[in-house]
Structure formats: structure tokens, C-alpha cells
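# Descriptive analysis of the structure
So the chains spell out like this:
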Amino acid sequence: MKTSLHNIWGSARGPVKALAPQTRIIVGTSVFATCMIAPATSWVGVAIILSTVLAWTLWVRPPARIIRTNLIFGFALFLPYFLLVPLIHDPASGLSWKNAMGVSWTVFFRGIMAMQASVYTATALSASALRQGLSCLPVPQVVSAVLIQIVHQTASLIYETRQITSAITVRGGTTGTRTGIRVLTSLPKVWLPRVIERAERVGAAMELRRYCERNISILGVHSISWNDRMAMILAAMIVAGAVTFRVWGGA
């Protein structure tokens, strides 16, 4: 079983794969933080965000289809925020058209750039590499286990949902208003028990295999190399630069 979501993880082919998993997580998080911190209403802030995401893209080198799909989805998701400009504009409170446009532009630009940073970080990490990285970082054990299971189970749940949807379509469950209402009311009775049953099976399997025990040695964890240290120092410098510019020179 393969889905587009499942194929994203670990699909990168760039030099970032040579770094330790925990380093990839830290650098990817730093790129995301830079997109959120640097002011998008300043040319310098836009340049910082663009250059950081572009450098991360070249370093990760995700598949072209993922870049294309992610950009299209980002534009479709955030471009409608410009329709809110007339509603944001309020001369009584001193909010000019330029300021209203700046609000929508900030949401649009930061949203797209943060989406690129997040998805490209996912392409740099397989599910096993994600577990290795989280095990080496000071992340609470419960949070780590939940995140990993979300990655593992989301693709399966999407696949099952598509199977149910196909079965409903074949049986004519999409025609007629009354039929549609009956399907919507009865779907939770079918889908939710399957999700609960799967969660119980996964929990039992995790407990049987001692999944939540943090025995890092059995994961084959990568040691921190000189390249890892340099990558983390560079990521910290980029975030510090974004914070400095926001405080002293940005809006």
C-alpha cells in the first residue's frame, strides 16, 4: 500500500541525508522558525525567508513532483486571504489599504514558506529516522511516541477512508440528498470503530514490543559529526539573525 502522503517521508536525495536525524530535525525546525520570525512586510525580511527556504530546498533536494504539488496546494490554501483585504481595511482605526494588504501578504507569504520548510523537512526524514532523531532529542517520551504513530498510521487511515468512499460510490451512495444525509449520519458508525480497533491493536503491539522504551542503542543512532555541528551552528545563526532583524530593523 502506497499513498502520496506515505511517499513524502524520506524521499529527499540531497546531501542533508548524510546528517544525523536529530540534526535534520533541528535544522528543519530552525528554517520553519525563521519563516515565522522574520518580518514579511520588509524587503530584508522577505529576502531572509526566501534565501533560507531556497537553501534548505537545495540542501534537501526533494522530488520535483513534491515541490510542484506543495506550491500549488499552498497557493490554493493561502491566496484567498487577499479577499479579506476589504474587510480588514478600516479608515476609522487608521488601518489603511497598504496595512490591510500587508496583513494578507504576511499570512500568504509566511504560510507558503512555512509549508515548504515543513514538507521538505519531512522528505529528509524517514519514519525510522524520525524516531531516531526524536529519541536523541529532549522530547517527552509520550510526545515522541504520538508523533511517530501519527506518521505511521495517517497513510493507512487515508487508504481505508478512500476504500470506504469507493465502496459508497459504487453502491450509489453519492446520489440523492436523502441518501447523502443517511451516508453522513451512518459513516461515523463504520469509520470510527475501525479507527478505534486499529488504535487498540497498535497499542497492544507497541506494548508487546516494548516500543516506548528508549533503548537508543538498538536504533542504530548516528553519532554527531563535524558536519552536524556546523549545520546546527549555521541554523542557530540564521534564527538569531531573523530575531535580531525583527527586533531592531523589522516591523
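I will try to describe carefully the structure that is included in this document. Quantities reported herein were computed from a predicted structural model and do not represent experimental measurements.

### A few points about the overall build of the chain
- The number of helices and strands found in the chain is 10 helices and zero strands.
- Reading the chain from its N end, one meets helices and strands in the order α-α-α-α-α-α-α-α-α-α.
- For the chain, the share of sequence-separated contacts (at least 6 apart) that also reach a separation of at least 24 residues comes to 81%.

### With respect to the packing of helix H3 (residues 43-60) against helix H10 (residues 226-248)
- Across the interface, H3 lies against H10 with an axial gap of 10 Å and an inter-helix angle of 165°. As the angle between them shows, H3 and H10 are arranged roughly antiparallel. In terms of crossing hand, the pair formed by H3 and H10 is left-handed. Residues Val44, Gly45, Ile48, Thr52 and Trp59 of H3 form the contact with H10, whose participating residues are Ala231, Ile238 and Phe245.

### A look at the packing of aromatic side chains
- Taken as a whole and judged by the stated rule, the model has six aromatic pairs.
- Taking 6.2 Å as the distance between ring centres and 25° as the angle between the ring planes, the aromatic pair formed by Phe78 and Tyr81 counts as stacked.
- We classify Phe78 as buried; its relative accessible area is 14%.
- When its relative accessible area of 35% is taken as the criterion, Tyr81 is described as partly exposed.
- What links up through ring pairs into an aromatic cluster is the set Phe75, Phe82, Trp105, Phe108 and Phe109.

### With respect to a nonpolar patch on the surface
- Where nonpolar side chains cluster on the molecular surface, the patch consists of Tyr81, Leu84, Leu87, Val103 and Val107 and spans about 420 Å² of accessible area.
- The residue Val103 is located in helix H6 (residues 97-123) in this model.

### With respect to helix H2 (residues 21-37)
- The terminal C-alpha atoms of H2, which comprises 17 residues, lie 24 Å apart, in line with the 24 Å expected from a rise of 1.5 Å per residue.
- Among all positions of H2, only Pro21, Gln22, Thr23, Arg24, Ile25, Val27, Gly28, Ser30, Val31, Thr34 and Cys35 are buried.
- Residues of H2 that are buried sit in contact with H3, H6, helix H7 (127-136) and H10.

### Things to note about the nonpolar core
- In terms of nonpolar packing, the biggest core is built from 32 residues, with Ile49, Trp56 and Met113 touching the most fellow members.
- At the level of secondary structure, the elements contributing two or more residues to this core comprise H2, H3, helix H4 (64-78), H6 and H10.
- Broken down by element, the residue count for this core peaks at 10 residues, all from H6.
- When sequence neighbours within four positions are dropped, the list of residues in contact with Met113 reads Cys35, Ile49, Leu50 and Val53.
- Among the nonpolar cores identified, the runner-up in size contains eight residues, and Leu125, Leu134, Ile148 and Val151 belong to it.

### Overview of unusual backbone geometry
- Positioned with a positive phi, Arg61 is a non-glycine residue whose angle comes to about 55°.
- With a relative accessible area of 49%, Arg61 lands in the partly exposed category.

### A word on the side chain of Thr121
- By the element assignment, Thr121 lies in helix H6.
- Side-chain polar atoms of Thr121 contact the backbone oxygen of Ala117, separated by 2.7 Å.
- Those residues within four positions of Thr121 in sequence are excluded, and the remaining contacts are Arg24, Gly28 and Trp56.

Analysis parameters
Each chain carries its own residue numbering, running from 1 in the written order of its sequence. With pLDDT at 70 or above as the cut-off, local features in this predicted model cover only qualifying residues; side-chain atom pairs require 80 or more to be listed or tallied, and sums for whole chains, interfaces and linings still use all residues. Each side-chain value is derived from all of the structure's non-hydrogen atoms; neither hydrogens nor water enter the calculation. The secondary structure listing takes helices from DSSP runs of H or I that are at least 4 residues long and strands from runs of E that are at least 2 residues long, numbered from the N terminus. In this description, contact between two residues means that some pair of their heavy atoms is separated by no more than 4.5 Å. Only the contacting stretch of a helix is used when fitting its axis, a line to C-alpha atoms as for every element, and angles between N-to-C directions run 0 to 180 degrees. Roughly parallel means an angle under 35 degrees; roughly antiparallel means over 145; roughly perpendicular covers 65 to 115; every other angle is labelled oblique. For any pair of crossing helices, the crossing counts as left-handed if the nearer helix is rotated counterclockwise from the farther one by less than a right angle, and right-handed if it is rotated clockwise. Aromatic rings from Phe, Tyr and Trp, with only the six-membered ring used for Trp, were paired whenever their centres fell within 6.5 Å, and each pair was classed as stacked if the ring planes differed by under 30 degrees, edge-to-face if by over 60, and tilted otherwise. For each residue, the accessible area found with a 1.4 Å probe, counting protein chains only, is set against the maximum for its type, and the residue is called buried under 20%, exposed over 50%, and partly exposed in between. Grouping into patches uses exposed residues only, defined as over 30% relative accessible area, and leaves out salt-bridged ones; the cut-off is 9 Å for like charges and 5 Å for nonpolar side chains (Val, Leu, Ile, Met, Phe, Trp, Tyr). All accessibility values rest on the Shrake-Rupley procedure with a 1.4 Å probe; residue burial counts only the protein chains present in the view. When a carboxyl oxygen of Asp or Glu is within 4 Å of a side-chain nitrogen of Lys or Arg, the pair counts as a salt bridge. What a helix is expected to span follows from its residue count: subtract one and scale by 1.5 Å. Here, nonpolar core refers to any group of buried Ala, Val, Leu, Ile, Met, Phe, Trp, Tyr and Cys residues whose side-chain atoms link them within 4.5 Å. A 3.5 Å cut-off defines polar contacts: any pair of N or O atoms within that distance qualifies, except that in protein one atom must be a possible hydrogen donor and the other a possible acceptor, and neighbouring residues in sequence count only when both atoms are side-chain atoms.

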